[in-house]
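Each chain is listed here by its residues.
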Amino acid sequence: MIRAFALMNLVDGTGALSDQATEQPGRLKIAKGLARMAKNIGPEDRVVRIVVGIGLAILAYMQVLPGVPTIIMWVAAAYLILTGLLARCVVYKMVDVDTSIQEQPYSSTDDRAGF
């Protein structure tokens, strides 16, 4: 017996069931866009993460520290490089930090006119 499942509409919080998601034999189809995480890492943060991740990977490859610390360096390097490339960080999401939002400087017509 195949059961049809529907996902709750999490976007507006109404609890209304969505007909966009149904179970197929052996596979659950998820409504497009519900499971996506927004970018929360800015360009400067991305560069720093990638550079530090590559540095940690080099140190881990050279086995500067023995055993378990080397494994920890590999994991940290992989996490930093992946989050830098994808511009999404789960830790930032948990603590509600978003470095991708850039503050726009205030500009008046006097500033543009050179007064």
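Look a little higher up for the structure.
Here we come to helix α1 (residues 43-61). When the terminal C-alpha atoms of α1 are compared, their 27 Å separation across 19 residues agrees well with the 27 Å that a helix rising 1.5 Å per residue should span. Within the span of α1, buried status applies to Asp45, Arg49, Gly53, Ala57 and Ala60. Buried residues of α1 fall within an arc of 100 degrees about the axis and therefore sit on the same side. Of the exposed residues in α1, those oriented more than 90 degrees away from the buried face are Pro43, Glu44, Val47 and Val51. Considering only its buried residues, α1 is in contact with α2 (68-86) and α3 (90-94). The first or second residue beyond α1 is Gln63, which carries a positive phi of 50 degrees.

Further remarks concern the environment of Val90. With respect to the helices, strands and loops of the structure, Val90 is situated in helix α3. Residue classification places Val90 among the partly exposed residues on the basis of a relative accessible area of 47%. Considered as a pair, Val90 and Met37 are 53 residues apart in the sequence and their alpha carbons are 8.8 Å apart. Once residues within four sequence positions are removed from consideration, Val90 is found in contact with Met37 and Tyr79.

We now examine the packing of α1 against α2. Following both chains from N to C, one finds α1 and α2 inclined at 155 degrees, their axes separated by 8 Å at the closest point. As the angle between them shows, α1 and α2 are arranged roughly antiparallel. Crossing handedness for the pair α1 and α2: left-handed. Between α1 and α2, the contacting residues are Arg46, Arg49, Ile50, Val52, Gly53, Ile54, Leu56, Ala57, Leu59, Ala60 and Tyr61 on the first element and Thr70, Met73, Trp74, Ala76, Ala77, Tyr79, Leu80, Ile81, Thr83, Gly84 and Leu85 on the second.

All chains considered together, the criterion is met by zero aromatic pairs. Positioned over the ring face of Tyr92 is Arg49, at 4.8 Å from the centre of the ring.

With that out of the way, let us pick up α2. End to end, α2 covers 27 Å across 19 residues, agreeing with the expected 27 Å (1.5 Å per residue, within 8%). Taken as a whole, α2 has its buried residues at Thr70, Met73, Ala77, Leu80, Thr83 and Gly84. Mapping the buried residues of α2 onto a view down its axis gives an arc of 165 degrees, with all of them on the same face. Facing away from the buried side of α2 by over 90 degrees, the exposed positions are Val68, Ile71, Ile72, Val75 and Leu86. On its buried side, α2 packs onto α1. Ala87, located one to two residues past α2, shows a positive phi value of around 60 degrees.

Conventions we followed
Residues numbered from 1 in each chain as written. Predicted model: local features only at pLDDT ≥ 70, side-chain atom pairs only at ≥ 80, totals over all residues. Heavy atoms only, no water. Helix = DSSP H or I, 4+ residues; strand = E, 2+ residues; numbered from the N terminus. Expected span 1.5 Å × (residues − 1). Buried < 20%, exposed > 50% of the residue type's maximum accessible area, 1.4 Å probe, protein only. Arc of directions from axis to C-beta. Contact = heavy atoms within 4.5 Å. Axes fitted to C-alpha atoms, helices over the stretch in contact; angles between N-to-C directions. Parallel < 35°, antiparallel > 145°, perpendicular 65-115°, else oblique. Left-handed = near helix turned anticlockwise from the far one by under 90°. Phe/Tyr/Trp six-rings, centres within 6.5 Å; stacked < 30°, edge-to-face > 60°. Lys NZ or Arg CZ within 6 Å of the ring centre and 35° of its normal.

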